[in-house]
Amino acid sequence: MKKQTTYHIDNLYPLNLAFILLLLSPMAFPSYFPHDVQRLFAVSSALLIVLSVTLQQQRFYLPKAFFISCLVVFASQLFISALYKPAAPQAWFLHLLLYLGAALLFVSGINIPRNKLKSWLHIYLLLSSLWVLIGLYVWLDGTDGNDLKIGVITVAILPYLKLAGPFQQGNILATLVGFSWLISHWFALNSSKHIYRFSILFFTIALLSTLSRGAWIAYCICLIMLLLTTNKFSYWLRKFLPYWLSGAFLGYICFELRTTPYVQHYDLSLVVINSATSPKTERLLIWATSFSEFLTSPWFGVGWGQFPDQFWYAAPAALQFMQDSLGLNNLQLYNTVFNAHNIFLHLAAEAGVFALILFFWGCWILAKHTGSLLLKPDSIRLPFALSVIGFLLHSQIGIIYSEPLVLLIAALFSGIALTPWLRHKSWNLKPTKAAKIILIASVSVVVLWSSQSISQWFMSESIYRQIKVENKESIKRLDEVMHLPRVRAIPLTSLAYTVALYKQHSEVLKPVIPFLETSLPEIPSLSAHQVLFYAHMYAANYERACQIGRKIMGMHFTGEKNTATYQLICNGEKPVNYHFGLVD
């Protein structure tokens, strides 16, 4: 008889608490640049889950194939980064932490006691309801058109058009709410409690209010798969239809109740249609550029976290290809691009063909075993599996995988879904006392380092908000973050932008050029490029200014009106005017 793994379940509160912390991780950030803080919060919480799972059981399953695959991918990235130093080393390290956290969460998912899964689904529904309620409060103008803040901490940013919660982007909330929507339906199929049908209504309102067409399609496909397993498709369709229709109607009412001036006169149908059609050529250009990045380094990719910086170099070639080979002229970008809008293309560009093949293999295994779970519709693992399938479908046309919480939850849910099959192909290890001590020390180091980095970001926001060109003391505060290329990027760019825009205190520009140069690959925004161009132009470094100008021109941004200026600089002439930002 096969020996069963035993769990110390006398005190599982730390595990629940760590899961709750993970779900709360996106709700505290500096509003001017939330991404790094949310990533650090999420990874720290994920490692606490890993630690709790490891300490609360006597045996630990480590899937053999997954471990070897991760070892190959991580070792190759470490080797390549040592051989060719990344242009954005801090971005590379942050992504290393994120992917390591995702891998460890996947393994932890395999080791979570089955008797915890139902309570975790309830916790997820509860916390996702909190995201939606906060989002609705801000979206419906409960904050009088301002961000929702608690002291220096921003909880939710005022969204444009779409319900976004604490995620700054409606598509990200949509995929997390999509998980809740599927989970609610699974509970309703397996329980007679009315609370789950109310949950269906609530999350239908939220999902539709995100105006995310990709999420609608992805999670409707998964829901149809779920309902078909019951052999009573028509019956459940009739049962759930009133809740869907009511949710659609109430979602429309919520949109009409918005009072924010720049959206209150929008027609909902036009918003959905226009947002679906206007960026389609831009999306094609982004995909082509992502493939162009992949071709520059097909075996191991351009490096984790290097996609945004390399995009600036790959875009001109992609644009030329689409014009010459596909006849698509007048293609333009509407903003700086930080990801591929497709999880497979992004993975191929950053990690290369070997990582892509391994990921395809993992997706195939997930799809195959989800099919097996569909034959057992009452299985507690089915909603986890369908949620990940929905995530993969949605991530073909969206940026959802770039949100740390989404990626970590998808990894955790994947491990939980595949547990019955992976345990048969795993090492069954007994964590030693020394291993536990090393794990505790490692997690403590990461949490303490993350806490310090988070405090630096909040300090950077304080500097950013208070900086004034005419106030030398406020400028001196930049010294506190000048040794951190990624953290200093935005306040330094803001300072240089203010100087350039008002043409006052221009003596500030020349000394900050080296710092702007090293920060540029970390957060390669359009404004950072424009400010650096202007600073070099002011300092009469025409050759370098010409290089940056040509780089900006190669992106073909809609509304970037400085082509003549860049040409003058390249001819050795100093132009008179320069337009910052994107001009209508």
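What comes next is a walk through the structure. (Residues numbered from 1 in each chain as written. Predicted model: local features only at pLDDT ≥ 70, side-chain atom pairs only at ≥ 80, totals over all residues. Heavy atoms only, no water.)

Some details on the overall build of the protein chain
Then comes step 1: In terms of helices and strands, the protein chain carries 23 helices and four strands.
Then comes step 2: Taking the principal axes of its C-alpha atoms as reference, the protein chain extends roughly 80 × 60 × 55 Å.
Then comes step 3: Taken across its 584 residues, the protein chain has 56% of its residues classed as buried.
Then comes step 4: Taking contacts inside the protein chain between residues at least 6 apart in sequence as the whole, the part at least 24 apart equals 76%.
Then comes step 5: Surface exposure of the protein chain reaches about 25900 Å², of which carbon and sulfur atoms provide 64%.
Then comes step 6: Mean positive and mean negative side-chain charge positions of the protein chain (42 and 26 charges, respectively) differ by 17 Å. (Helix = DSSP H or I, 4+ residues; strand = E, 2+ residues; numbered from the N terminus. Buried < 20%, exposed > 50% of the residue type's maximum accessible area, 1.4 Å probe, protein only. Contact = heavy atoms within 4.5 Å. Areas by Shrake-Rupley, 256 points an atom, 1.4 Å probe, with all protein chains shown as cover. Lys, Arg positive; Asp, Glu negative; His and termini not counted. Charge placed at Lys NZ, Arg CZ, Asp CG, Glu CD.)

Points about the side chain of H394
Then comes step 1: In this structure, H394 sits in helix α14 (residues 382-394).
Then comes step 2: There is a polar contact of 3.4 Å between the side chain of H394 and the backbone nitrogen of A215.
Then comes step 3: When neighbours within four sequence positions are excluded, H394 is seen to be in contact with N171, T175, S212, G214, A215, A218, Y219 and I400. (Polar contact = N/O pair within 3.5 Å; in protein donor to acceptor, adjacent residues only side chain to side chain.)

Details of the packing of helix α22 (residues 542-553) against helix α23 (residues 563-570)
Then comes step 1: Between α22 and α23, whose axes approach to 8 Å, the crossing angle comes to 150 degrees. Judged on the interaxial angle alone, α23 and α22 are roughly antiparallel. The handedness of the crossing between α22 and α23 comes out as left-handed. Contact with α22, carried on its side by Y542, A545, C546, G549, R550, I552 and M553, involves T563, Y566, I569 and C570 of α23 and no other residues of that element. (Axes fitted to C-alpha atoms, helices over the stretch in contact; angles between N-to-C directions. Parallel < 35°, antiparallel > 145°, perpendicular 65-115°, else oblique. Left-handed = near helix turned anticlockwise from the far one by under 90°.)

Notes on the pattern of salt bridges
Then comes step 1: Applying the stated criterion across every chain, the model contains five salt bridges.
Then comes step 2: Here R486 and D36 are joined by a salt bridge, their closest N and O atoms 2.5 Å apart. Here the residue R486 occupies a position in helix α19 (residues 485-502), and D36 occupies one in helix α2 (residues 35-55), the gap between them amounting to 450 residues.
Then comes step 3: Judged by its relative accessible area of 7%, R486 falls in the buried class.
Then comes step 4: A relative accessible area of 2% places D36 in the buried class.
Then comes step 5: Connected through salt bridges with shared partners, the residues D36, R39, R486 and E522 form a single ionic network. (Salt bridge = Lys/Arg side-chain N within 4 Å of Asp/Glu carboxyl O.)

Observations regarding helix α15 (residues 404-417)
Then comes step 1: Taking 1.5 Å per residue as the helical rise, α15 with its 14 residues ought to reach 20 Å, and the 20 Å between its terminal C-alpha atoms agrees with that figure.
Then comes step 2: Counting buried positions over the 14 residues of α15 gives 14, a clear majority of the element. (Expected span 1.5 Å × (residues − 1).)

Concerning the pairing of strand β3 (residues 153-156)
On any regular strand, side chains alternate: one points to one face of the sheet, the next to the other face.
Then comes step 1: As judged from the three bridges shared by strand β2 (residues 148-150) and β3, these two strands associate in the antiparallel manner. Following the sheet pairing, K149 is matched in β3 by T154. (Pairing = 2+ DSSP bridges.)

Some thoughts on helix α9 (residues 233-257)
Structurally, the α-helix is built with 3.6 residues per turn, so residues lying three or four positions apart point the same way.
Then comes step 1: For α9, which comprises 25 residues, the first-to-last C-alpha distance of 35 Å matches the rise-based estimate of 36 Å (1.5 Å per residue) to within 8%.
Then comes step 2: At F240, α9 shows its maximal kink, close to 40 degrees; a proline, P242, follows between one and four residues later. (Bend = angle between axes of the 7 residues up to and from the residue.)

Quick word on the environment of C363
Then comes step 1: Counting through the fold element by element, C363 comes out in helix α13 (residues 343-374).
Then comes step 2: Taking C-alpha positions, C363 is 8.7 Å from I389, a pair spaced 26 residues apart along the chain.
Then comes step 3: When sequence neighbours within four positions are dropped, the list of residues in contact with C363 reads F344 and L392.

Details of the packing of helix α5 (residues 117-139) against helix α6 (residues 170-190)
Then comes step 1: At their nearest, the axes of α5 and α6 sit 10 Å apart, and the two run at 135 degrees to each other. Viewed along their axes, α5 and α6 adopt a mutual orientation that is oblique. Crossing hand, α5 versus α6: left-handed. Counting all contacts with α5, which are made through K118, L121, H122, Y124, L125, S128, W131 and V132, the residues of α6 involved are L173, L176, V177, F179, S180, I183, S184, W186 and F187.
Then comes step 2: Partitioned by chemical class, the residues of the contact of α5 with α6 number 12 nonpolar, four polar and one charged. (Nonpolar A, V, L, I, M, F, W, Y, C, P; charged D, E, K, R; others polar.)

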